[in-house]
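Examining the three-dimensional arrangement
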Amino acid sequence: MQQSQRQWFQNWYKNSSDYIFLFHETENTCVWQNRECSFFSDILAILAEPPASGTYPFQGALHTVTVQSCTLDQTAYRFVQIGAVSMEQLQYQDIDWMHQAENQVAEVREQVFGITNAVAALYEGLDDCKEEHPSMLLEAQWQHLNRIRNSCCRILQPSILLLEQCKYYQKRETQAETIFLDLQMSNFVQACRSILGVTVKVTLEAGDHLCVQVHPQRLEYALLCLMLHIFAEHPEITNMQWEVIGKGEQVLLRCSATAMGDDDTQSLYHRTRETLYSTRLSAPTKQILRLFCETYQVMMLYADTDQGHIFTLQFQRHHPGKSFSLKSPARRIQNEMFSPFQIFLSNIADYRFY
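This section reports on the structure supplied with the text. (Residues numbered from 1 in each chain as written. Predicted model: local features only at pLDDT ≥ 70, side-chain atom pairs only at ≥ 80, totals over all residues. Heavy atoms only, no water.)

Brief notes about the packing of aromatic side chains
Considering all chains together, one arrives at 22 aromatic pairs under this definition. With a centroid separation of 4.9 Å and 50 degrees between ring planes, the pair formed by F9 and Y13 is classed as tilted. Of this pair, F9 and Y13 both sit in helix α1 (residues 5-13), separated by 4 residues, roughly a single helical turn. Ring plane angle 40 degrees and centroid distance 5.5 Å describe the contact between F21 and F40, whose orientation is recorded as tilted. Of the two residues, F21 sits in strand β1 (residues 19-24) while F40 sits in helix α2 (residues 40-48), which places them 19 residues apart along the sequence. (Phe/Tyr/Trp six-rings, centres within 6.5 Å; stacked < 30°, edge-to-face > 60°. Helix = DSSP H or I, 4+ residues; strand = E, 2+ residues; numbered from the N terminus.)

Below you can see the structure in the form of structure tokens.
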């Protein structure tokens, strides 16, 4: 039986870390909230005035209050979302700080592209005179050029992670869309295979036509961050199996990471980031995963087994209706200087550009 719009709304927001309220538009009464709120009376005082989103102090801490009108099952409601504002969030929302960070990212990208343009010119020169040199010598030169391009990917990675966090804090390119998760993962796994080759075996088992609501690119980047996290914590991994499973009103995206065989030399191939100091701050990949889960109401579960490590993302299933039609064709790696897969997975395997 298909859920009503209000049932879907409540299931979507019930596990949110924010305070969620649903007020009847005309009667101005609270008809549902996801959890108890100690400053609920302060919220009622704000809503007594013309409702406006903004930042308010509650119990000694700043909170963002978002008020929107919505219609569920042909009934008008006011949807109120309240979340604590962290110092990190205030920093990312500061326009001057953001412009400075984006200028620094642009400078890094300009320098990297200058290097890669020079590498491309060297390759063209080698390719033009390949008949004049032994194949072994040419192969050695091409390997050096590939190492330079892969190093450029690793140089770009921190800036890409920074810009990804900015999108969440500034709410840019985060609007959820209805997608078939099984088709989306088919594209994702195909792109991973193109980069990882034989270094890591990546497979997929997926049920048909399982719909969720999420921004496709935010999902793609979050899954790449998950892969970086897995290989940073478990460099021995050589096999990664993805599964898309429908379970009632939930859709599970499960990643089983295992090490195949007893050969430990493979683990030396995965490079981890060197750090000078230990800090209390989470790694950017963990922060992006947290922001992704909070934004799209996704629950992330982790388990250790005798066979390996299992990471599960639990989505709320979406029922788009009978008239819904969505195509998600197979997609190749973008025809550009660097793809997100090349940049993110450069820590795991060296992609052969030439």
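Brief notes about the sheet that holds strand β9 (residues 239-247)
Working definition: the strands of a sheet are paired by backbone hydrogen bonds and lie parallel or antiparallel to each other. Taking strand neighbours across the sheet as the criterion, the 5 strands line up as β7-β9-β10-β12-β11 in an open arrangement whose pairing is mixed. Bordering the open sheet on either side are β7 (201-206) and β11 (299-304), each of which pairs with just one other strand. For this sheet, the mean angle separating the axes of adjacent strands, direction not counted, is 15 degrees. Two strands pair when backbone bridges link them, and β7 and β9 are joined in this way by 6 bridges, in the parallel orientation. Within the sheet, the bridge partner assigned to A206 lies in β9 and is V244. (Pairing = 2+ DSSP bridges. Axes fitted to C-alpha atoms, helices over the stretch in contact; angles between N-to-C directions.)

Quick notes on the packing of helix α4 (residues 95-128) against helix α5 (residues 135-169)
Packing of α4 against α5 brings their axes to within 10 Å, and their N-to-C directions diverge by 165 degrees. Relative to α5, the element α4 lies roughly antiparallel. Where α4 crosses over α5, the handedness of that crossing is left-handed. Of the residues that constitute the contact of α4 with α5, the class distribution is 22 nonpolar, 3 polar and 3 charged. (Parallel < 35°, antiparallel > 145°, perpendicular 65-115°, else oblique. Left-handed = near helix turned anticlockwise from the far one by under 90°. Nonpolar A, V, L, I, M, F, W, Y, C, P; charged D, E, K, R; others polar.)

Bear in mind that shape data such as this cannot, by itself, settle questions of function.
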